[in-house]
Amino acid sequence: MRRLFRQAWYDMRHQPVIGIVTVIGTALSIFLIMIVVMMQAVKVEPFAPESNRDRILYGKYLHLQWDNGSDGSSSADYPTTKQFYGDLKSAETTTIYTGAFTQPVAVAGKSPLMRYVKSTDGEFWKVFDYRFIAGAPYDTSARQGNFAVISESVARELYGTSDAVGREILINDWPFQVSGVVADATPLAREGYSEIFIPLSQRQIQPGENHFGWDIFAAILARSADDFPAIRAEVQARKQAFDRQLREEGIKLVDHGSPFTQEEILTIQGSNGDSGAEDERRARYILYAILLLVPAINLSTMTQSRLRRRRSEIGVRRAFGATRPEIIRGILAENLMVTLAGGVAGLLLSALFGYFFSDMLFGINYISRHIDVSWGMILNWKVFLTALLFCFLLNLLSSGIPAWRASRVNPVDAINSRNL
């Protein structure tokens, strides 16, 4: 095997331009598909603090229709959300929380900062896996006071240290005591992201007008994704009972299929829309196929061109006793080396581009801060290996057939550069 690859390396050195162009073409093919997949993967693949994405369902989007033809859309209020999604027998746990909104935060003697604040219940920390640097989460069931969990960057901005447990923080001029400090999260964790967390207030958990609320949402943590159908059936039974109650008030409940998976929640067409996850997934696969197919066809053309230039060489090797299997194995080994070299180059290029240009790739309109990403978020080995295998197979077809033909040609004809 070592001799086979040495021979392949020797052969490549005799056509350096075509070899380099083929490597670059493979690298660009891998780079393009990895960048596109990377932009999609950060929306659905699990990473902290949403490491449980593959077993979370989200309860969002309530649409009410009145008999007079008017309608309205909002999140449900806390009691309704709790009635729909709380204490589900088929789920591990459910957390109820609000969206993250910018609010002024300050400490004595310092000017206020505008930071994202999210209100949650105590189960939030079981569903979203924030890493605590100091202290612990608050317990909303105890209701012993106003506690807050803050991110490490906020702690350093306000106190100059991450050791802020027990200190006071003013949020919208209301005093809170810091119970814990968590590692900074990436804004790409859209459901769980915030910089400051506080318990749901008494006002937020009160019934809203016509069952509307304070941007209240639910995240249902399943024991596994296999439990999703059972969870949805249990939620649907509750909603049907609730809908019958609303009908007596002349109101109809439309929930668009909630609760939603991580992928479905991204394709909801506004709060009145339905999930277009299937159409979006189909379009994404078509795009992947195009990104793979077009460069791979070009690479195949280069491979055949390289073989045509080597007809005389193949004839000489056949004349000096090289067997047909040796000729074929040598050409395939060379093709494998080119594909591997280009694939590794494309992977490294896409990873570096994603890491250093994360703001360009993953920028969120309403988030002004830098988008932090980890290598684990941007390196998708499954996609890389699939793309690499696809390029190799297509190159194999483009080189395998000419290699087989080349191995069967008369050595004299090959040396005289006749057609294979």
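These figures come from a predicted structure and were not determined experimentally.

## Structural notes on the packing of helix α3 (residues 78–85) against helix α6 (residues 228–247)
Thought 1: Running from N to C, α3 and α6 cross one another at 130°; their axes reach a closest spacing of 8 Å. By the angle between their axes, α3 is oblique relative to α6. Residues Thr80, Lys82, Gln83, Phe84 and Tyr85 of α3 touch α6, and the partners they reach there are Val235, Arg238, Lys239 and Phe242.
Thought 2: Of the residues in the contact of α3 with α6, the class split is four nonpolar, two polar and three charged.

## Overview of the packing of aromatic side chains
One pair of aromatic rings is described through two measures. These are the centre distance and the angle between the planes.
Thought 1: Overall, the coordinates contain 18 aromatic pairs when judged by the stated rule.
Thought 2: Here Phe84 and Tyr85 contribute two aromatic rings whose centre-to-centre distance is 5.9 Å and whose plane-to-plane angle is 85°, an arrangement assigned as edge-to-face.
Thought 3: A relative accessible area of 4% places Tyr85 in the buried class.
Thought 4: Here the aromatic rings of Phe84 and Phe242 are separated by 5.1 Å at their centres, their planes lie at 90°, and the arrangement is edge-to-face. Separated by 158 residues along the polypeptide, Phe84 in helix α3 and Phe242 in helix α6 bring together distant segments of the chain. Neither residue differs from the other here; Phe84 and Phe242 are each classed as buried.
Thought 5: An aromatic cluster of at least three residues, connected via ring pairs, comprises Tyr97, Phe124, Trp125, Phe128, Tyr130, Phe132, Tyr138, Phe197 and Phe217.

## Observations regarding the confidence of the model for the protein chain
Thought 1: Put simply, the protein chain has an average pLDDT of 79, and 74% of its residues get 70 or more.
Thought 2: This model gives residues 269–273 a pLDDT under 50, and the stretch forms nine contacts once residues within four places in sequence are excluded.

## Considerations on the side chain of Gln262
Thought 1: Relative to the helices and strands, Gln262 resides in helix α7 (residues 262–265).
Thought 2: Within the local environment of Gln262, its side chain forms a polar contact with the backbone oxygen of Lys43, the two atoms lying 2.9 Å apart.
Thought 3: Looking at Gln262, its side chain comes within polar contact range of the side chain of Tyr58, at 3.1 Å.
Thought 4: Ignoring anything within four residues of it in the chain, the contact list for Gln262 reads Lys43, Val44, Glu50, Arg53, Ile56 and Tyr58.

Each value, and the rule that gives it
- Residues numbered from 1 in each chain as written.
- Predicted model: local features only at pLDDT ≥ 70, side-chain atom pairs only at ≥ 80, totals over all residues.
- Heavy atoms only, no water.
- Axes fitted to C-alpha atoms, helices over the stretch in contact; angles between N-to-C directions.
- Helix = DSSP H or I, 4+ residues; strand = E, 2+ residues; numbered from the N terminus.
- Parallel < 35°, antiparallel > 145°, perpendicular 65-115°, else oblique.
- Contact = heavy atoms within 4.5 Å.
- Nonpolar A, V, L, I, M, F, W, Y, C, P; charged D, E, K, R; others polar.
- Phe/Tyr/Trp six-rings, centres within 6.5 Å; stacked < 30°, edge-to-face > 60°.
- Buried < 20%, exposed > 50% of the residue type's maximum accessible area, 1.4 Å probe, protein only.
- pLDDT = per-residue confidence, 0-100.
- Polar contact = N/O pair within 3.5 Å; in protein donor to acceptor, adjacent residues only side chain to side chain.

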